[in-house]
Amino acid sequence: MTKETIEKVKAQNPGVELYRGEISFCDHESKKHDLEFIYRRPSVADMEAYTKAVPKSSITAQSNLLAGLIVHPAAAEIINELAAYPPVVADFVNENISPFFGTAITSRSSRI
């Protein structure tokens, strides 16, 4: 993403706290996918809507949360690319969005 693009998006969203998101993953055919986007800081209302939607479908709730936060490029482009890879969306939400609300959790699992 170019500096010019970032500056243009910032100018289009005055007073909005913006972040650059990057997701890289390999699919089942070992094809690498690299996605870049700009998203806004989530609000309490975003998290409330997400929390209410999780019991119905956590995958849909995570995708909707991310889609609602993306300001550039069009959210549909990113969400369509990620549609077949729900764990990728879950990882981004858990690692990057949840900490805005003080929910940074470290966990570990190992075979015993």
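Reference entry: report on the structure contained in this document.

Criteria and cut-off values
- For every chain, the first residue of the written sequence is number 1, and numbering continues from 1 along that sequence.
- Whole-chain, interface and lining totals are the exception, using all residues; otherwise, since this is a predicted model, local features are given only for residues with pLDDT of at least 70 and side-chain atom pairs are given and counted only at 80 or more.
- Hydrogens are left out, water is left out, and the side-chain values use all remaining heavy atoms of the structure.
- Runs of H or I in DSSP of at least four residues are treated as helices and runs of E of at least two as strands, each being numbered from the N terminus.
- Whenever two N or O atoms come within 3.5 Å, that pair is a polar contact, provided that in protein one can donate a hydrogen and the other can accept it, and provided that, for residues adjacent in sequence, both atoms are side-chain atoms.
- By definition, residues are in contact when any of their heavy atoms lie within 4.5 Å.
- Think of it this way: a Phe, Tyr or Trp ring, Trp meaning its six-membered ring, pairs with another when their centres are within 6.5 Å, and the plane angle makes it stacked under 30 degrees, edge-to-face over 60, tilted otherwise.
- Buried residues are those whose accessible area, probed at 1.4 Å on protein chains only, stays under 20% of the maximum for their type, while exposed residues exceed 50% and partly exposed ones sit between those limits.

**What about the side chain of H33?**
And then number 1: Considering the arrangement of structural elements, one finds H33 in strand β2 (residues 32–40).
And then number 2: In this structure the side chain of H33 is engaged in a polar contact, spanning 2.8 Å, whose partner is the side chain of E81.
And then number 3: The contact partners of H33, leaving out residues within four places of it in the chain, are I23, S24, F25, D27, E81 and Y85.

**Section: the packing of aromatic side chains**
To describe a pair of aromatic rings, one takes the distance between the centres and the angle between the planes.
And then number 1: Under the criterion given, the structure shown has 6 aromatic pairs.
And then number 2: Ring geometry for Y19 versus Y39: centroids 5.6 Å apart, planes at 25°, classification stacked. With Y19 in strand β1 (residues 18–26) and Y39 in strand β2, this residue pair connects regions lying 20 residues apart in the sequence.
And then number 3: By relative accessible area, Y39 is classed as buried at 4%.
And then number 4: Aromatic side chains F37 and F92 sit 5.3 Å apart centroid to centroid with 65° between the ring planes, which places their arrangement in the edge-to-face category. One end of the pair, F37, is in strand β2; the other, F92, is in helix α5 (residues 86–97), and 55 residues separate them in sequence. The pair formed by F37 and F92 is uniform in burial state, with each residue classed as buried.
And then number 5: A network of ring pairs unites the aromatic residues Y19, F37, Y39, F92 and F100 as a single cluster.

Any functional reading would require information that these geometric values do not contain.
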